[in-house]
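# Structural description and commentary
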Amino acid sequence: DAGVIQSPRHEVTEMGQEVTLRCKPISGHNSLFWYRQTMMRGLELLIYFNNNVPIDDSGMPEDRFSAKMPNASFSTLKIQPSEPRDSAVYFCASSVGQGGTEAFFGQGTRLTVV
Amino acid sequence: SQQGEEDPQALSIQEGENATMNCSYKTSINNLQWYRQNSGRGLVHLILIRSNEREKHSGRLRVTLDTSKKSSSLLITASRAADTASYFCASPRQGSGGYNKLIFGAGTRLAVHP
């Protein structure tokens, strides 16, 4: 298996633009997590899905952030409109079961909003 | 941090020395996990210790868990320059419906000098 695949690896965008980050989890994993990592705040859990259903989105910072998982092999995290303070590395991770077990991380998307 | 706190925040040692990192957590757990992150990369799972275990080994890694003190430690023996990375502890937090979200500590930055 290729592991968790995220795209793009790097994204530079202007303030106000829409940004869409993509994630393909490991086949057979039914839990999917989106994290954001910054120097100031560390690794924050934004949202997690189980069997394509959003279970907890309490970490989503604002209404500008939204996430979807239309099927078991694809998820998106969208920021609209983007702001400079959204600049961070965004990670997607997947695991089996109802979470709580070993999580497999993608390589991350480094987002820079200028 | 959202769940765990690691200390020290940074650790600098010479090759061959042992490195010990500590993690404290706040709520009851059924397992605790340690991850490694190389610069610019995603997190990689190292080891999982269950709440009914006190110690676990994997190669040069030794993890202990003290549930009475809500703390864990990661020991890397005979460190190598390639061990230079950030190390995170993580624990599942159970929400409604029995689903678990994995919450990470702030991490320890380890530098191993040749």
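Up top you'll find the structure we're talking about.
Here is what the cut-offs are and how they apply
- Residues numbered from 1 in each chain as written.
- Chains lettered and ligands numbered in written order.
- Predicted model: local features only at pLDDT ≥ 70, side-chain atom pairs only at ≥ 80, totals over all residues.
- Heavy atoms only, no water.
- Pairing = 2+ DSSP bridges.
- Helix = DSSP H or I, 4+ residues; strand = E, 2+ residues; numbered from the N terminus.
- Axes fitted to C-alpha atoms, helices over the stretch in contact; angles between N-to-C directions.
- Buried < 20%, exposed > 50% of the residue type's maximum accessible area, 1.4 Å probe, protein only.
- Contact = heavy atoms within 4.5 Å.
- Disulfide = S-S within 2.5 Å.
- Phe/Tyr/Trp six-rings, centres within 6.5 Å; stacked < 30°, edge-to-face > 60°.

### With respect to the sheet that holds strand β1 (residues 5–7) of chain A
All names here are of chain A. A sheet is described by the order of its strands in space; here 4 strands give the open sequence β1-β3-β8-β7, paired in antiparallel fashion. Whereas interior strands pair on both sides, the edge strands pair on one side only; in this sheet they are β1 and β7 (65–71). Averaged over all pairs of adjacent strands, the angle between their axes in this sheet comes to 15°, without regard to strand direction.

### Concerning the environment of I79(A)
Residues and elements named next belong to chain A. With respect to the secondary-structure elements, I79 resides in strand β8 (residues 74–79). In this structure I79 comes out as buried when scored by relative accessible area, which is 0%. The spacing of I79 and T20 is 59 residues in sequence and 6.5 Å in space, taken between C-alpha atoms. Apart from the residues within four sequence positions on either side, I79 is in contact with Q17, E18, V19, R64, F65, D86, Y90 and L111.

### Considerations on the state of the cysteines
Disulfides are covalent bonds that link the sulfur atoms of two cysteine residues. Applying the stated criterion to the full structure yields 2 disulfides over all chains. Note that C23(A) is cross-linked by a disulfide to C92(A), the S-S spacing being 1.9 Å. Of note, the bridge from C23(A) to C92(A) carries an S-S torsion of about -65° and is left-handed in sense. Residue C23(A) is located in strand β3 (residues 19–24), and its partner C92(A) is located in strand β9 (residues 88–95); the two are separated by 69 residues in the primary sequence. The disulfide that involves C23(B) links it to C89(B), with 2.0 Å between the sulfurs. One disulfide, between C23(B) and C89(B), carries an S-S torsion of 70° and so falls in the right-handed class. Highlighted residues: C23(B) in strand β3 (residues 19–25) and C89(B) in strand β9 (residues 85–94), separated in sequence by 66 residues. Classification of C23(B) by relative accessible area gives buried; the value is 2%.

### Observations concerning the packing of aromatic side chains
All told, the structure shown has 8 aromatic pairs over all chains when counted by the stated rule. Between Y35(A) and F105(A), the ring centres sit 5.6 Å apart and the planes meet at 35°, which makes this aromatic pair tilted. Linking Y35(A) in strand β4 (residues 31–38) with F105(A) in strand β10 (residues 104–105), this pair joins segments that are 70 residues apart in sequence. Through a chain of ring-to-ring contacts, the aromatic side chains of F33(A), Y35(A), Y48(A), F91(A), F105(A), Y35(B) and F104(B) assemble into a single cluster.

Just distances and angles here, no functional claims.
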